[in-house]
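One-letter residues, chain by chain:
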Amino acid sequence: MSTKTAGQEFIKGLWDENPVFRQLLGLCPTLAVTGAVINGLAMGLATAFVLIFSSLVVSSIKKLIPSQVRIASYIVIIATFVTVADRFLAAFFPPISKSLGPYIPLIVVNCIILGRQEAYSSKNKVGRSLMDALGMSAGFVLALLILSAIREILGAGTFFGYQVMGAWFEPWIIMILPPGAFITLGILLALALQIERRTKSRK
Amino acid sequence: MELVAIFISAILINNFVLYYFLGICPFLGVSKKIDSAFSMGLAVTFVMTITAVVSWVINHWILIPHELDYLKIVSFILVIASLVQLVEMFIRKISPPLYQALGIYLPLITTNCAIMGLALLAALRDYGFAETVIFGFASGLGFTLAIIIMAGIREQLDLADVPEPLKGPAIALIVAGIMALAFMGFVGMIK
């Protein structure tokens, strides 16, 4: 199917096909939970868990799924792993589970996950699908970390809850409120596009 | 009074798009023209109201009495997906003009996180039946309001001289940020 090496399958998720910055997928959780780094990280890892295991299952049973009902089958598989992630967080990290609220169950409608199953895992071998899922997850976590770090440092003067800005710093409250999320992501998207244009024109 | 408060807060204060960040994909994707934005808003309002009713019935008549709370995610997503299919077939049969207007937008709604978010939020907040229906309808109206304003702004933006890298989704997100800022002015309307 694809001529890339396993390493390239992984790397492409970080930049060339980064789900958030390049493909504009999964924007809802990206905007919603990035007010604090700890929430962004938890969301990223939960999504990664669901994506990796769904890809594993889908790519290993792809021959058993009739193509007419494949979307419904993928959704059931994804929903199962989302339930696992949701229960796990509720049991072991109640504060995080509480602050993420409905956004953990909403991983089920995250277009990154269904998109990867449809576009990749259903057509490729288990090993490749695993590398692809790992790469996409890493790209998603990276995007969440960048966005939540900017918002937490500017909006609260902290990083992971630790004070990083001096006492002189007046927090920009707007950054941790909804408008800050939209504006920061808009600027980051423009930056990503600009970097891409620069590297293209140099080639 | 309680119902009025839910209605106003779902439209203006806790707007689905601008406060909960739900339904961002159609909000950015279908907001280039006012006509299509209006149809999309209508389709979402319609499906949201029905989803509110159905998800409440499933949650309170099946899941809670049988202590199957952990099946909420799986059952909600399956019901929403089949519901959208059903609504589509039903409208095509009953009202072809309405199908013409909503047609292509209906399948897109299945993957719209606003619908799933609505079912989950209503369940999370333990709303009664009437409250859930009002919440669903008002959330749909709030979505429609946001997407129409956005489409209006974007039609004007086409004429503006936007810097090259900001074109497309980047400027749309920044506009959405300014809209969210404006909508924050409604906070405090309801105590």
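Here the structure is a predicted model, which means the values were calculated and not measured.

Colleague: Outline the overall build of chain A, listing residues and values.
Modeller: The helix and strand tally for chain A stands at eight helices and two strands. From first element to last, N terminus to C terminus, chain A shows the α and β order α-α-α-α-α-α-α-β-β-α. For chain A, whose C-alpha radius of gyration is 18 Å, the value lies close to the compact-globule estimate of 17 Å for 203 residues. When the backbone C-alpha atoms are referred to their principal axes, chain A occupies close to 60 × 50 × 25 Å. Put simply, chain A has 203 residues, and 48% of those count as buried. Partitioning the contacts of chain A with sequence separation of at least 6, the portion at a separation of at least 24 is 75%. Summing over all exposed atoms, chain A offers an accessible surface of approximately 9400 Å²; the carbon and sulfur share of this is 70%. Seen as two clouds, the 18 positive and the 9 negative side-chain charges of chain A have centres 7 Å apart.

Colleague: Now, about the packing of aromatic side chains: what can you tell me, with residues and values included?
Modeller: Applying the stated criterion to the full structure yields 15 aromatic pairs over all chains. Between the aromatic rings of A:Trp168 and A:Phe169, the centroid separation amounts to 5.7 Å while the plane-to-plane angle is 90 degrees, which identifies the pairing as edge-to-face. Each residue in the set B:Phe16, B:Tyr19, B:Tyr20, B:Tyr127 and B:Phe135 is aromatic and connected to the rest through ring pairs, giving one cluster.

Colleague: I'd like a description of the packing of helix H3 (residues 34-63) of chain B against helix H7 (residues 113-124) of chain B, backed by residues and values.
Modeller: Each pair of packed helices gets described by two things: the angle between the helix axes and the distance between those axes. Residue and element names in this part refer to chain B. The N-to-C vectors of H3 and H7 enclose an angle of 40 degrees; their axes lie 9 Å apart at closest approach. Classified by the angle between their axes, H3 and H7 sit oblique to one another. In this structure, H3 crosses over H7, and the sense of that crossing is right-handed. When H3 is examined against H7, the residues Val 44, Val 47, Met 48, Thr 51, Ala 52, Ser 55 and Asn 59 are found in contact with a partner set consisting of Ala 114, Ile 115, Leu 118, Ala 119 and Ala 123. Considered class by class, the residues forming the contact of H3 with H7 number nine nonpolar, three polar and no charged.

Colleague: Please provide a residue-by-residue account of unusual backbone geometry, values included.
Modeller: For A:Phe160, which is not glycine, the phi torsion reads 55 degrees and is therefore positive. The class for A:Phe160 is partly exposed, based on a relative accessible area of 35%.

Colleague: Tell me about the pattern of salt bridges, and name the residues and values.
Modeller: All names here are of chain B. As enumerated under the stated definition, the model contains nine salt bridges over all chains in all. For Lys 72, the salt bridge is made with Asp 69, and the minimal N-O distance between the two is 3.7 Å. For Asp 69, a relative accessible area of 35% corresponds to the partly exposed category. Across the pair Glu 164 and Lys 167 runs a salt bridge whose closest N-O atoms are separated by 3.5 Å.

Colleague: I'd like a rundown of helix H1 (residues 2-13) of chain B, residues and numbers included.
Modeller: What H1(B) keeps buried is the set B:Ile6, B:Ser9, B:Ala10, B:Ile11, B:Leu12 and B:Ile13. For H1(B), the elements touching its buried residues are helix H8 (129-157) and helix H9 (169-183) of chain B.

Colleague: Kindly report on the interface of chain A and chain B, identifying the contributing residues and their values.
Modeller: Quoted interface sizes are often the accessible area lost when the parts come together. With 35 residues of chain A at the interface, the matching set in chain B holds 36 residues. Of the roughly 3000 Å² buried between chain A and chain B, counting both surfaces, carbon and sulfur atoms make up 86%. The largest per-residue losses of area from chain A upon contact with chain B belong to A:Cys28, A:Val109 and A:Phe182, which jointly make up 21% of the total buried on that side. Taken together, the links from chain A to chain B amount to zero salt bridges. Between chain A and chain B we count one residue pair in polar contact (both at pLDDT 80 or more) in total. Breaking the side of chain A that touches chain B down by element, the ones donating at least two residues are helix H2 (27-32), helix H4 (70-92) and helix H8 (178-202) of chain A. Among the elements that take part in the side of chain A that touches chain B, H8(A) stands out by supplying 13 residues, more than any other. The residue makeup of the side of chain A that touches chain B, split by class, is 28 nonpolar, four polar and three charged.

Reading the values: rules and limits
Here, residues in each chain are numbered from 1, in the same order as that chain's written sequence. Each chain takes a letter, starting from A, and each ligand takes a number, starting from 1, following the order in which they are written. In keeping with the predicted nature of the model, local features appear solely for residues at pLDDT of at least 70, side-chain atom pairs appear and are counted solely at 80 or more, and the whole-chain, interface and lining totals rest on all residues. Working from all heavy atoms in the structure, the side-chain values ignore hydrogens and water. Think of it this way: any DSSP run of H or I at least four residues long counts as a helix, any run of E at least two long counts as a strand, and we number them from the N terminus. C-alpha atoms define the radius of gyration in this analysis, and the globule rule sets the expected value at 2.2 Å times the number of residues to the power 0.38. For the exposure calls, accessible area comes from a 1.4 Å probe over protein chains only, and a residue counts as buried if that area is under 20% of its type's maximum, exposed if over 50%, partly exposed in between. Contacts between residues were defined by any pair of non-hydrogen atoms, one from each residue, lying within 4.5 Å. Throughout, the Shrake-Rupley method with a 1.4 Å probe supplies accessible areas, and for residues the shown protein chains are the sole cover considered. His is not counted, nor are the chain ends, whereas Lys and Arg count as positive and Asp and Glu as negative. To locate a charge, take atom NZ for lysine, CZ for arginine, CG for aspartate or CD for glutamate. Two rings from Phe, Tyr or Trp (for Trp, the six-membered ring) form a pair when their centres are within 6.5 Å of each other. A pair whose planes differ by under 30 degrees is stacked, one over 60 is edge-to-face, and the rest are tilted. Every angle, taken between N-to-C directions, lies between 0 and 180 degrees, and every axis is a line fitted to C-alpha atoms, over only the stretch in contact when it is a helix. Roughly parallel means an angle under 35 degrees; roughly antiparallel, over 145; roughly perpendicular, 65 to 115; everything else is oblique. When the near helix sits turned anticlockwise from the far one by under a right angle, the crossing is termed left-handed; a clockwise turn instead gives a right-handed crossing. Nonpolar residues are Ala, Val, Leu, Ile, Met, Phe, Trp, Tyr, Cys and Pro. Charged residues are Asp, Glu, Lys and Arg, and all others, Gly as well, are polar. For salt bridges, the criterion is a side-chain nitrogen of Lys or Arg within 4 Å of an Asp or Glu carboxyl oxygen. Buried area, as used here, totals the accessible surface that two parts lose on assembly, with accessibility defined by a 1.4 Å probe and the loss added over both. Pairs of N or O atoms are called polar contacts if they sit within 3.5 Å, as long as, within protein, a hydrogen donor faces a hydrogen acceptor (for residues adjacent in sequence, only side-chain-to-side-chain pairs).

On their own, these measurements won't tell you what the molecule is for.
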